[in-house]
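Structural overview
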Amino acid sequence: MAATRKIWVITFEFIPYPGGQATFAYEMARAFASLGHTVEVIAPDYGAEQGTADAALPCRVQRVLRHQKLRLKTVLAVLRALRGVKADDIVLACEIRSGLATTAARCLGYRFKKIQMYHGGEIIRAGYGRFGWVSNALAGAFAQKLVGISHYTAGMVTQYLKRPCATVLLGVGRDWFAPPAEKFDNPLLATLPTDRPWLSTVARVARRKGHLPAIAALQKMQEIGALPSFYIVPG
């Protein structure tokens with residue numbers, strides 16, 4: 001077995017929040033621990049007592065951040081949480097906020113091996129203007145490796161930042177592959193007839209998530225008489 005390391009996972013989104021970034025960070029931390037590494041997660045505090053649930057995780061969790069909020073005090077919280085980091089430790093910055101906080105840490109003299117993760121919704125902003133490009137570039141500063149959650153995302157990182165980017169596909173919970181229940185837990189979804197077609201966009205309502213093109217496509221389907229019975233947006 002390869003030598004074990006201490007791996008720090010810094011994320012501004014973590015369980016019990018059900019988002020994709022939270023799932024990725026949790027699954028990566030669990031995978032590292034299963035390989036025998038010592039894992040420490042720096043994560044958001046969601047305003048509820050998480051001590052009991054966190055104690056059952058295979059890693060130590062410091063809940064000192066705020067969900068998707070990068071402010072001076074959260075950067076200071078990351079600096080305090082990383083106080084014991086060593087030069088040979090690996091720090092995985094799970095998204096752009098974590099990347100900016102760890103860049104600040106390196107500028108202040110902290111030494112560690114950094115891996116920067118990019119999500120599509122973050123790197124695409126590098127093409128919107130100078131601020132988006134600068135924030136993405138600063139997030140990746142001092143990183144020995146850049147990683148995208150898809151081949152498309154990795155391609156955008158290389159296109160905008162002019163640096164090679166590896167691909168690690170977005171992690172999902174093992175329970176996602178369990179056989180589906182016979183009925184939806186949601187009472188409204190449970191009333192849907194199972195013998196009629198429906199279409200779903202599983203994402204929060206935001207322009208870049210593609211709801212408007214989906215609706216435009218549905219309009220064209222309606223014109224040719226092939227419209228699904230329902231369009232469901234859980235997110």
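These lines cover the structure that appears in this document, whether it is placed above or below. (Residues numbered from 1 in each chain as written. Predicted model: local features only at pLDDT ≥ 70, side-chain atom pairs only at ≥ 80, totals over all residues. Heavy atoms only, no water.)

**Notes on the pairing of strand S1 (residues 6–10)**
Taking burial as the measure, the five residues of S1 include four buried ones, the bulk of the element. Examined bridge by bridge, S1 and strand S2 (residues 38–44) share five bridges and lie parallel to one another. From the neighbouring strand, Ile7 faces S2, where its bridge partner is Val39. Once the chain exits S1 it traverses helix H1 (residues 20–34) before rejoining the sheet at S2, and the crossover so formed is right-handed. (Buried < 20%, exposed > 50% of the residue type's maximum accessible area, 1.4 Å probe, protein only. Helix = DSSP H or I, 4+ residues; strand = E, 2+ residues; numbered from the N terminus. Pairing = 2+ DSSP bridges. Right-handed = clockwise from strand over helix to strand, strands pointing away.)

**Some remarks on the packing of aromatic side chains**
For the coordinates displayed, the defined rule picks out three aromatic pairs. Note on Tyr17 and Tyr46: the rings are 6.1 Å apart at their centroids and 5 degrees apart in plane angle, and the pair reads as stacked. Taken together, the residues Tyr17 in the loop between S1 and H1 and Tyr46 in the loop between S2 and helix H2 (51–55) connect sequence positions 29 residues apart. Between Phe184 and Trp198, the aromatic rings sit 6.2 Å apart at their centres with planes inclined by 65 degrees, giving edge-to-face as the arrangement. Within this pair, whereas Phe184 is found in the loop between strand S7 (166–167) and helix H8 (187–190), its partner Trp198 is found in strand S8 (residues 198–200), the two being separated by 14 residues in sequence. Of the residues examined, Trp198 reaches a relative accessible area of 39% and is grouped as partly exposed. (Phe/Tyr/Trp six-rings, centres within 6.5 Å; stacked < 30°, edge-to-face > 60°.)

**Details of the environment of Arg207**
Tracing the sequence through the fold places Arg207 in the loop between S8 and helix H9 (211–223). Separated by 76 residues in the primary sequence, Arg207 and Phe131 place their C-alpha atoms 19 Å from one another.

**Some remarks on helix H7 (residues 151–161)**
Within the span of H7, buried status applies to Thr153, Ala154, Met156, Val157 and Leu161. Looking straight down H7, one finds its buried side chains confined to an arc of 160 degrees; they lie on one side. Across H7 from its buried face, at more than 90 degrees, point the exposed residues His151 and Tyr152. Looking at the buried side of H7, the elements it contacts are strand S5 (113–118), helix H5 (120–123), helix H6 (130–139), strand S6 (143–148) and S7. Just beyond H7, the residue with positive phi is Lys162, at close to 60 degrees. (Arc of directions from axis to C-beta. Contact = heavy atoms within 4.5 Å.)

**Topic: the packing of helix H4 (residues 96–107) against H6**
Between H4 and H6, whose axes approach to 7 Å, the crossing angle comes to 65 degrees. Read as a crossing pair, H4 and H6 show a hand that is left-handed. Residues Ile96, Gly99, Leu100 and Thr103 of H4 touch H6, and the partners they reach there are Ser135, Asn136, Leu138 and Ala139. (Axes fitted to C-alpha atoms, helices over the stretch in contact; angles between N-to-C directions. Left-handed = near helix turned anticlockwise from the far one by under 90°.)

**Focus on the layout of surface pockets**
Put simply, the largest pocket is a space of about 1500 Å³. Around the largest pocket sit 45 residues that line it, and Pro18, Val202, Ala203, Arg204 and Pro234 are the ones nearest its centre. Put simply, the parts of the chain that give the lining of the largest pocket at least two residues each are H1, H4, H5, H6, H8 and S8. In terms of residue count, H6 provides more of the lining of the largest pocket than any other element does, four residues in total. Its residues placed into classes, the lining of the largest pocket shows 19 nonpolar, 16 polar and 10 charged. (1 Å grid on protein atoms, 1.4 Å probe; cavity = no way out; pocket = protein on both sides within 12 Å on 5 of 7 lines; lining within 4 Å. Points joined across faces, edges and corners; volume = space filled by probe spheres on them. Nonpolar A, V, L, I, M, F, W, Y, C, P; charged D, E, K, R; others polar.)

**Quick word on a nonpolar patch on the surface**
Where nonpolar side chains cluster on the molecular surface, the patch consists of Trp133, Val134 and Leu138 and spans about 260 Å² of accessible area. Within the secondary structure, Leu138 sits in helix H6. (Patch = residues over 30% accessible without salt bridge, like charges linked within 9 Å, V, L, I, M, F, W, Y side chains within 5 Å. Areas by Shrake-Rupley, 256 points an atom, 1.4 Å probe, with all protein chains shown as cover. Salt bridge = Lys/Arg side-chain N within 4 Å of Asp/Glu carboxyl O.)

**Structural notes on the pattern of salt bridges**
Counting across every chain of the model gives six salt bridges. Here Lys6 ties to Glu40 by a salt bridge, and the two come within 3.0 Å at their closest N and O atoms. Here the residue Lys6 occupies a position in strand S1, and Glu40 occupies one in strand S2, the gap between them amounting to 34 residues. Salt-bridge contacts for Glu95 lead to Arg97; the nearest nitrogen and oxygen are separated by 4.0 Å. A cluster of three or more residues bridged by salt bridges with shared partners is formed by Lys6, Glu40 and Arg60.

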